[in-house]
Amino acid sequence: MTAGSPVWHPFTQHGLREPIPLIARGEGAVLHRADGGTLIDAISSWWVITHGHCEPRIAAAIAEQAGQLDQMIFAGYTHEPAERLARSLVRLVGERLTDGAPLSRVFYSDSGSTAVEVALKMALGYWHNRGEARHRILALEHSYHGDTIGTMSVGERGVFNRAYAPLLFDVEVIPFPHGDAIQPTLDALEAACRAPDVPAALIVEPLVLGAGGMLFYPALLLRRMAEICAHYGVLLIVDEVMTGWGRTGTLLACEQAGVTPDILCMAKGLTGGAVALAATLAREAIFEAHLSTDRAKMFFHSSSFTANPIACAAANANIAIWDSEDVISRIGAVGAAMDEGLARLSDRSVLENPRRIGAIAAVDLRAAANGYLSEVAPLLRAFFLDRGLLLRPLGNTIYVMPPYCTTRAQMGRIFDAIGDAADRFG
């Protein structure tokens, strides 16, 4: 970073004066630094890049759309890229999630946080417009759903949001399962749902809790939670912002549990990671609860860049890739390389709990202190940067989530560096 830069970076303690590399361009799984160096993007630039940086077909779609229609109000107006994308999303999700009523409505926003904020407002609006006083939200322990006030409220309380606690609304937290012992989680959920004050909704990250430490749980648990919610008439919101678009080995993590939620949130890989766009999909009944001649029952949410045409064009190009190519096989190849890498780390006793699902792998470095503010985290980041890798551990949890174009050789470099880091810092 240029000395004296006025930029204030996210999740960055500038007082530590850590180096901030200037990135000039990206190609595939590689970021090219302005000083001539390169980095393997081992975390897909915060979990967004799927097919690779500057994927030619997505870049071409962006350029073409930019010359036709760059931006327009979406309240009471529409455009072809958004219409085509909504139909494609309903089709793709409907082909994969066949349990129960389909997700037939698409509401656009511009980030994962806003997609979840929209979902929460949809759920509360649904019950309000039906004349039912339901306000309680249930959330899974250790969750992270974003950094807006609503999404912080349904996330894990702690260092991420301590300063903003007076603004957060209360939620009831369902305990995260320990290993395969899912029954205590299910018992707690059922107790919460059968209370006299019936909840409005349960929100979960499916199969993997991302910022909570890449915590995995079995598909059976998601299935059983969905069944309990359905039994008690509690809406199920599934946050696929990180897990969607192939990260867990299927287009959507919900597929592996055979679950169709009432509301589904997606972002990040929706455009292949090229530009910001999010979508919240809902069942028809939720849309119909807001459908009325009474203007006071409309859904009150928007942003200036809702359904930006350029972003929608990028998402349509991403879907064309999914429709025409075997992306799942590429994810499988990345997963196989991850398995090889984790196997090579098995002799490091300082590394614990190796795990993988789809194109996500993680391992925990045994340290005196863990958690997001573990003192080893910045040391690990600097070590990996010196090795030409963009890796950003969550405390002492080292995770790998690269683009699907990452080669076996590049994966080898990533896991070799993790082994060297274990030798040095373990």
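Parameters and conventions
Residues numbered from 1 in each chain as written. Predicted model: local features only at pLDDT ≥ 70, side-chain atom pairs only at ≥ 80, totals over all residues. Heavy atoms only, no water. Helix = DSSP H or I, 4+ residues; strand = E, 2+ residues; numbered from the N terminus. Rg over C-alpha atoms; globule rule 2.2 N^0.38 Å. Buried < 20%, exposed > 50% of the residue type's maximum accessible area, 1.4 Å probe, protein only. Contact = heavy atoms within 4.5 Å. Areas by Shrake-Rupley, 256 points an atom, 1.4 Å probe, with all protein chains shown as cover. Lys, Arg positive; Asp, Glu negative; His and termini not counted. Charge placed at Lys NZ, Arg CZ, Asp CG, Glu CD. UniProt positions renumbered as here; feature names shortened; annotations may be inferred. Salt bridge = Lys/Arg side-chain N within 4 Å of Asp/Glu carboxyl O. Polar contact = N/O pair within 3.5 Å; in protein donor to acceptor, adjacent residues only side chain to side chain. Axes fitted to C-alpha atoms, helices over the stretch in contact; angles between N-to-C directions. Parallel < 35°, antiparallel > 145°, perpendicular 65-115°, else oblique. Left-handed = near helix turned anticlockwise from the far one by under 90°. Nonpolar A, V, L, I, M, F, W, Y, C, P; charged D, E, K, R; others polar. Pairing = 2+ DSSP bridges. Domains from an automatic or database assignment. Buried area = accessible area lost by both parts, 1.4 Å probe.

### Re the overall build of the protein chain
Scanning the protein chain from N- to C-terminus turns up 12 helices and 16 strands. Rg of the C-alpha trace for the protein chain: 21 Å, near the compact-globule value of 22 Å for 426 residues, within the 12% margin. Looking at the protein chain as a whole, 51% of its 426 residues qualify as buried. Taking the intrachain contacts of the protein chain between residues at least 6 apart in sequence as the baseline, contacts between residues at least 24 apart amount to 71%. Carbon together with sulfur atoms contributes 56% to the accessible area of the protein chain, which is approximately 18700 Å² in total. With 35 positive and 45 negative side-chain charges, the protein chain shows a separation of 2 Å between the mean positions of the two kinds.

### Comments concerning the UniProt feature "binding site: pyridoxal 5'-phosphate" (unreviewed entry) in the protein chain
UniProt marks G112, S113, D239, S303 and S304 with the feature "binding site: pyridoxal 5'-phosphate" (unreviewed entry), using the numbering shown here. Considering the C-alpha atoms alone, the annotated residues occupy 193 residues of sequence and remain spread out, their largest mutual distance being 22.9 Å. Looking at where G112 falls in the secondary structure, it is placed in helix α4 (residues 112-129). Leaving out residues up to four positions away in the same chain, G112 has contacts with H145, V241, A267 and A278. Leaving out residues up to four positions away in the same chain, S113 has contacts with H145, G146, D147, T148 and T151.

### Topic: the pattern of salt bridges
Following the criterion strictly, the structure yields 28 salt bridges and no others. Taking the shortest distance from any N to any O, the salt bridge between E95 and R96 comes out at 3.4 Å. On the basis of relative accessibility, which here comes to 28%, the residue R96 falls in the partly exposed class. Here R366 makes a salt bridge to E352, at a shortest N to O gap of 2.9 Å. A residue pair is termed long-range when its members are at least 10 positions apart, and R366 in the loop between β14 (360-365) and α11 (376-386) and E352 in strand β13 (residues 351-357) qualify at 14 residues. Relative accessible area serves as the criterion here: at 33%, E352 is assigned to the partly exposed category.

### Here's the deal with the side chain of T260
Its place among the elements puts T260 in the loop between β10 (235-239) and β11 (263-266). Separated by 2.8 Å, the side chain of T260 and the backbone oxygen of D99 make a polar contact. Setting aside anything within four residues of it in sequence, one finds T260 in contact with L97, T98, D99, A101, L103 and R283.

### Brief notes about the environment of L373
Within the secondary structure, L373 sits in the loop between β14 and α11. Residue class for L373 comes out exposed when judged on its relative accessible area of 61%. Taking the C-alpha atoms as reference points, L373 and N396, 23 residues apart in sequence, are found 8.8 Å from one another.

### Notes on the packing of helix α2 (residues 56-66) against helix α9 (residues 309-324)
For the pair α2 and α9, interaxial distance at closest approach is 8 Å and the crossing angle is 150°. Classed by the angle they form, the pair α2 and α9 counts as roughly antiparallel. Every pair of crossing elements has a handedness; the one defined by α2 and α9 is right-handed. In this structure, α2 uses R57, I58, A61, I62, Q65 and A66 to contact α9, whose residues at the interface are P309, I310, A313, A314, A317, N318 and I321. Here the contact of α2 with α9 is composed, by residue class, of 10 nonpolar, two polar and one charged.

### Here we look at the sheet that holds β13
Taken together, the three strands give an open sheet; going across it, the order is β13-β14-β16, and neighbouring strands pair in antiparallel fashion. Because the sheet does not close on itself, it has two edges, and the strands there are β13 and β16 (397-400). The mean angle between the axes of side-by-side strands here comes to 15°, regardless of whether they run parallel or antiparallel. Its contacts with the sheet put helix α10 (residues 327-344) on β13, β14 and β16, and the angle it makes with β13 is roughly 165°. Sitting on the sheet, helix α12 (residues 408-425) is in contact with β13, β14 and β16, with an inclination near 170° to β16.

### Remarks on the domain arrangement of the protein chain
We note that the domain assignment places domain 1 (14-54 + 326-425) and domain 2 (62-324) within the protein chain. A straight line from the C-alpha centre of domain 1 to that of domain 2 covers 27 Å. Summed over both sides, the interface between domain 1 and domain 2 buries roughly 2200 Å², with carbon and sulfur atoms accounting for 69% of that surface. At the surface where domain 1 touches domain 2, the tally comes to 12 residue pairs in polar contact (both at pLDDT 80 or more). For the side of domain 1 that touches domain 2, the secondary-structure elements that each account for two or more residues are α1 (44-47), α10, β13, β14 and β16. Per-element accounting of the side of domain 1 that touches domain 2 gives the leading share, four residues, to α10. Looking at the side of domain 1 that touches domain 2 residue by residue, the class counts come to 18 nonpolar, five polar and three charged.

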